[in-house]
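What follows is the residue order along each chain.
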Amino acid sequence: MTRARRRRIIRTRRTVTGVALVGAISFLAGMTDATGLLLTGDFVSFMTGNTTRAALALSDGNLHHAAVLVSAILVFVLGNAAGIVVSHVSQRRIFVVLGCVGLVLAFASMLTMRDMLMVRFYMIVFAMGMVNAAVEHIEGLPIGLTYVTGALSRFGRGIGRWIIGDRRLEWTIQIVPWGGMVLGAVSGAVLTRLVGAHALWLVSLFAMALALAAMLIPRPLQRRFNHKIAPHRSAAPHAK
């Protein structure tokens, strides 16, 4: 076997593993998004929608709902930040991030008291922000896990480039998060209509099962799915 062929095989394995992982995590995100929306009435990962709805609530004078949605946006951002911090201090990034997401969702599923429903909503939003830190790119291509507008935009631009003569097909991978999100959302909606709030338990169990499955991915390969943290270098010369 030639060195070039061996490299192609290794690259193909990396890509297939990454695509499967992204599809599974997007499925989880879709399940959570549909379940959260049906249980709370607001989006738990679609922050573009929450931004627009917050603006509409403000225009209608509904300050309470606007504050709830703006707070959700802030919680989502904090969840993303927390996911990066947690992953940075762990050796098994994907396992730890998905495990934390599963634990947060499990805890949220226990908050069934009426006065705790808002806390449950924010915990689901936080989990959806955190899950984005699990995988950031595949073979250099950026990947979104809980939002697919960017993926669809990159997919559409890829079609445009193909039409005008660019025959590279790496952009086709962008349809995977959308497909996973759709299938997960359908599953989450069906589960929620069947078992109500108990669907959150099933979603959290799926997240934990996914975390355990990620343990089978070698650590060097896991590191290729995320951005490296570059060491900070001060521009100012050190005093002698």
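Above this text you will find the structure in question.
What you see is a predicted model, and the numbers here were worked out from it, not measured in a lab. (Residues numbered from 1 in each chain as written. Predicted model: local features only at pLDDT ≥ 70, side-chain atom pairs only at ≥ 80, totals over all residues. Heavy atoms only, no water.)

This next bit is on the overall build of the protein chain. Looking only at helices and strands, the protein chain has nine helices and two strands in total. If you list the helices and strands of the protein chain from N to C, you get α-α-α-α-α-β-β-α-α-α-α. In the protein chain, the share of contacts with a sequence separation of at least 24, taken over all contacts with a separation of at least 6, comes to 74%. Split by element, the accessible area of the protein chain, about 13,400 Å² in all, is 68% carbon and sulfur. (Helix = DSSP H or I, 4+ residues; strand = E, 2+ residues; numbered from the N terminus. Contact = heavy atoms within 4.5 Å. Areas by Shrake-Rupley, 256 points an atom, 1.4 Å probe, with all protein chains shown as cover.)

Since the α-helix packs 3.6 residues into each turn, any two residues three or four apart lie on the same face. Given a rise of 1.5 Å per residue, 26 residues ought to cover 38 Å, and the 38 Å separating the end C-alpha atoms of helix α3 (residues 63–88) matches this to within 8%. Among all positions of α3, only Ala66, Val68, Leu69, Ala72, Val75, Phe76, Gly79, Ala82, Gly83 and Ser87 are buried. (Expected span 1.5 Å × (residues − 1). Buried < 20%, exposed > 50% of the residue type's maximum accessible area, 1.4 Å probe, protein only.)

The next thing to look at is the pattern of salt bridges. Side chains carrying opposite charge are able to pair once their charged atoms draw close together. Applying the stated criterion across every chain yields a total of two salt bridges. Notably, a salt bridge pairs Arg53 with Asp42, separated by 3.5 Å at the nearest N-O pair. Note that Arg53 is positioned in helix α2 (residues 47–59) and Asp42 in the loop between α1 (3–40) and α2, a separation of eleven residues in sequence. Accessibility expressed as a relative area gives 29% for Arg53, which makes it partly exposed. Between Asp166 and Arg168 there is a salt bridge, with its nearest N and O atoms 2.8 Å apart. (Salt bridge = Lys/Arg side-chain N within 4 Å of Asp/Glu carboxyl O.)

What follows concerns the nonpolar core. Ile25, Leu98, Val101 and Val125 are the most contacted members of the largest nonpolar core, which has 43 residues in total. Elements that contribute at least two residues to this core include exactly α1, α3, α4 (93–109), α5 (117–130) and α8 (199–214). Ranked by the residues each element gives to this core, the list is headed by α5, at eight residues. Non-local contacts of Val125, meaning those with residues more than four positions away in its chain, are made with Phe43, Val44, Met47, Ala72, Val75 and Phe76. (Core = buried A, V, L, I, M, F, W, Y, C linked by side-chain atoms within 4.5 Å.)

Attention shifts here to the side chain of Ser204. For Ser204, the location among the structural elements is in helix α8. Look at Ser204 and you get buried, because its relative accessible area is 1%. The residues contacting Ser204, other than those within four sequence positions of it, are Gly102, Leu105 and Ala106.

Turning to α5, a few remarks are in order. Look at α5: 20 Å from first C-alpha to last across 14 residues, which is about the 20 Å you get at 1.5 Å a residue. In terms of burial, α5 is a largely internal element, ten of the 14 residues being buried. Taken as a whole, α5 has its buried residues at Arg120, Phe121, Tyr122, Met123, Ile124, Val125, Ala127, Met128, Gly129 and Met130.

Turning next to the packing of aromatic side chains. One pass over the full model with this rule turns up three aromatic pairs. Arranged with centres 5.0 Å apart and planes meeting at 85°, the rings of Phe43 and Phe46 form a pair that is edge-to-face. Between Phe121 and Tyr122, the aromatic rings sit 5.3 Å apart at their centres with planes inclined by 45°, giving tilted as the arrangement. The ring of Trp162 carries Arg167 above its face, with NZ or CZ at 4.3 Å from the centroid. (Phe/Tyr/Trp six-rings, centres within 6.5 Å; stacked < 30°, edge-to-face > 60°. Lys NZ or Arg CZ within 6 Å of the ring centre and 35° of its normal.)

Attention shifts here to the packing of α2 against α3. A packed helix pair is summarised by two numbers, namely the angle formed by the two axes and the spacing between the axes. Where α2 meets α3, the closest approach of the two axes is 8 Å, and the angle between their N-to-C directions is 155°. Compared by their axis directions, α2 and α3 come out roughly antiparallel. Between α2 and α3 the crossing geometry is left-handed. Between α2, through Met47, Asn50, Thr51, Arg53, Ala54, Ala57 and Leu58, and α3, the contact on the second element is made entirely by Leu63, His65, Ala66, Leu69, Val70, Ala72, Ile73 and Phe76. Looking at the contact of α2 with α3 residue by residue, the class counts come to eleven nonpolar, three polar and one charged. (Axes fitted to C-alpha atoms, helices over the stretch in contact; angles between N-to-C directions. Parallel < 35°, antiparallel > 145°, perpendicular 65-115°, else oblique. Left-handed = near helix turned anticlockwise from the far one by under 90°. Nonpolar A, V, L, I, M, F, W, Y, C, P; charged D, E, K, R; others polar.)

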